[in-house]
Amino acid sequence: MTSHPTGSPTRITVGGSAGTEPYDVLIGRQLLDELPGLIGTAAKRVAVLHPEALAETGEVLREDLAAQGYDAIAVQLPNAEESKTAEVAAYCWKALGQTGFTRTDVIVGVGGGATTDLAGFVAATWLRGVRWIAVPTTVLGMVDAAVGGKTGINTAEGKNLVGAFHPPAGVLCDLAALDSLPVHDYVSGLAEVIKAGFIADPAILDLIESDPAAARTPQGPNTAELIERSIRVKADVVSDDLKESGRREILNYGHTLAHAIEKNERYNWRHGAAVAVGMVFAAELGRIAGRLDDATADRHRALLEAVGLPVTYRGDQWPKLLETMKVDKKTRGDRLRFIVLDGLARPVVLEGPDPAMLLAAHAEIAA
């Protein structure tokens, strides 16, 4: 993990809104030299939160920070979604309390989206908010979870129902971390990249369609551009609307059904796999509502299948999925809300769709 400068990283600024400070997302290789500058001189203590799978990385980072004069601790978390619980958050609070963590100290979250979600939530709640830095190590973490300041944990009732808007002080997207990512995890992250293409930047879709096999691997020629473009989409949207009071809702494209699938599968499905099915559902819903043209609706299925993402889900589960969607945080009262497309890169809210339309859209993804 020791870094060697190899050219300047790409820097994307996420604008401060709702009284928050702007921060930079850095994208490149061997970026850990940038970490002390983000932590700053006011911090005495640094807590490195990492999943069990990255124990070695977490320890190297802790040693590195200790060598630079910080009182650094490493806090090991369960892997993936298992870390996003109140119990794990309480375990982290205990570690911070025992270390004497003050308001000027800094949390660093190293790992996938679940880790950065949890690290940000712990930072938001400790002493009513301390600074934190995200070091995402997966495609999903880089293009989605670590950017935008949404932090949260899951409950038995659903995903991300408890959380806070607490933007990081900075995000380091070290593309070298993707080289060792298992193919299924890498491909899962592509769902969020493809989502960014459909809602805002169709050039992403063209890049993937030009060579779907190459898009499935971090060694592909367009990897850096795909990740940068996706981050720019998210940065642009959240700079406008931090707290999801307006435009930010478009980032939920495919997510209403996806979260219901994840809960139904007890979080054993990867997030990106669920989002892929959710996007096909949303495309069909848009088509049935008379808003989306056939070619763009069909393009969803073709593109997701080309990179190896699922486009169907068990048909007998619809009643359960519908019930779960009703407690989704995007619902208003008892009216379901879905993001659909009025055309390529033209996302809109469809509120309270007719149950018959939902059933017809579901029939298109039923396996």
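For clarity, every value in this text was computed on a predicted model and none was experimentally measured.

Peer 1: Even after reading the chapter, I still don't get the overall build of the chain, so can you show me in this structure?
Peer 2: Helix and strand counts for the chain stand at 14 helices and 11 strands. Taking 367 residues into account, the globule formula puts the C-alpha radius of gyration at 21 Å, and the chain, at 20 Å, falls close to it. Taken across its 367 residues, the chain has 56% of its residues classed as buried. Within the chain, counting contacts between residues at least 6 apart in sequence, those at least 24 apart form 73% of the total. Accessible surface, the chain: about 14,500 Å² in total, of which carbon and sulfur atoms supply 50%. Averaged over its 36 positive side-chain charges, the chain has a centre that lies 5 Å from the centre of its 47 negative ones.

Peer 1: Explanation requested: the sheet that holds strand β6 (residues 131–136) in the structure shown.
Peer 2: In any sheet, the strands associate via hydrogen bonds between backbone groups, in a parallel or an antiparallel arrangement. In spatial order, the strands read β1-β2-β9-β6-β5-β3-β4; together these seven strands make up an open sheet with mixed pairing. Looking along the sheet, the strands with just one partner apiece sit at the ends: β1 (10–14) and β4 (71–77). Mean inter-strand twist for the sheet, computed between neighbouring axes without regard to direction, equals 15 degrees. The pairing of strand β5 (residues 106–111) with β6 spans six bridges and is classified as parallel. Within the sheet, the bridge partner assigned to Val110 lies in β6 and is Val135. Contacts between helix α3 (residues 86–99) and the sheet are confined to β3 (45–51), β4 and β5, with β4 contributing the most and set at about 160 degrees to the helix.

Peer 1: Looking at this structure, how should I read the environment of Val183?
Peer 2: With respect to the helices and strands, Val183 occurs in helix α6 (residues 183–199). Residue Val183 is classed as partly exposed on the basis of its relative accessible area of 42%. Residues Val183 and Pro218, 35 residues apart in the sequence, show an inter-C-alpha distance of 9.1 Å.

Peer 1: What exactly am I supposed to notice about the pattern of salt bridges here?
Peer 2: Two side chains that carry opposite charge are able to pair once their charged atoms sit near each other. Under the counting rule described, the total for this entry stands at 27 salt bridges. With its nearest N and O atoms 2.8 Å apart, the salt bridge here joins Arg287 to Asp298. Here the residue Arg287 occupies a position in helix α11 (residues 271–288), and Asp298 occupies one in helix α12 (residues 294–306), the gap between them amounting to 11 residues. Assessed through its relative accessible area of 42%, Asp298 is described here as partly exposed. Here Asp342 makes a salt bridge to Arg291, at a shortest N to O gap of 2.8 Å. Placement of the pair is Asp342 in the loop between β10 (337–341) and β11 (347–351) and Arg291 in the loop between α11 and α12, with a sequence separation of 51 residues. By relative accessible area, Asp342 is classed as partly exposed at 23%. Classification of Arg291 by relative accessible area gives partly exposed; the value is 32%.

Peer 1: What should I look at first to understand the packing of α3 against helix α4 (residues 113–125) in this one?
Peer 2: Each packed pair of helices is defined by two parameters, the angle between the axes and the distance between the axes. Relative orientation of the contacting elements α3 and α4 amounts to 55 degrees, with a least axis distance of 10 Å. Between α3 and α4, the crossing angle belongs to the class labelled oblique. When the axes of α3 and α4 are compared, the crossing they make is right-handed. From α3, Val88, Ala89, Cys92, Trp93 and Leu96 reach across to α4, where they touch Leu118, Phe121, Val122 and Thr125.

Peer 1: Looking at this model, I keep getting lost on helix α7 (residues 203–210). Mind explaining?
Peer 2: Given 3.6 residues to a turn, an α-helix orients residues that are three or four positions apart in the same direction. Along α7, the positions that sit buried rather than exposed are Ile204, Leu205, Leu207 and Ile208. Along the long axis of α7, the arc covered by the buried residues comes to 160 degrees, so they all point the same way. Buried-residue contacts for α7 involve α6, α8 (212–215), α9 (223–240) and α12.

Reading the values: the criteria
- Residues numbered from 1 in each chain as written.
- Predicted model: local features only at pLDDT ≥ 70, side-chain atom pairs only at ≥ 80, totals over all residues.
- Heavy atoms only, no water.
- Helix = DSSP H or I, 4+ residues; strand = E, 2+ residues; numbered from the N terminus.
- Rg over C-alpha atoms; globule rule 2.2 N^0.38 Å.
- Buried < 20%, exposed > 50% of the residue type's maximum accessible area, 1.4 Å probe, protein only.
- Contact = heavy atoms within 4.5 Å.
- Areas by Shrake-Rupley, 256 points an atom, 1.4 Å probe, with all protein chains shown as cover.
- Lys, Arg positive; Asp, Glu negative; His and termini not counted.
- Charge placed at Lys NZ, Arg CZ, Asp CG, Glu CD.
- Pairing = 2+ DSSP bridges.
- Axes fitted to C-alpha atoms, helices over the stretch in contact; angles between N-to-C directions.
- Salt bridge = Lys/Arg side-chain N within 4 Å of Asp/Glu carboxyl O.
- Parallel < 35°, antiparallel > 145°, perpendicular 65-115°, else oblique.
- Left-handed = near helix turned anticlockwise from the far one by under 90°.
- Arc of directions from axis to C-beta.

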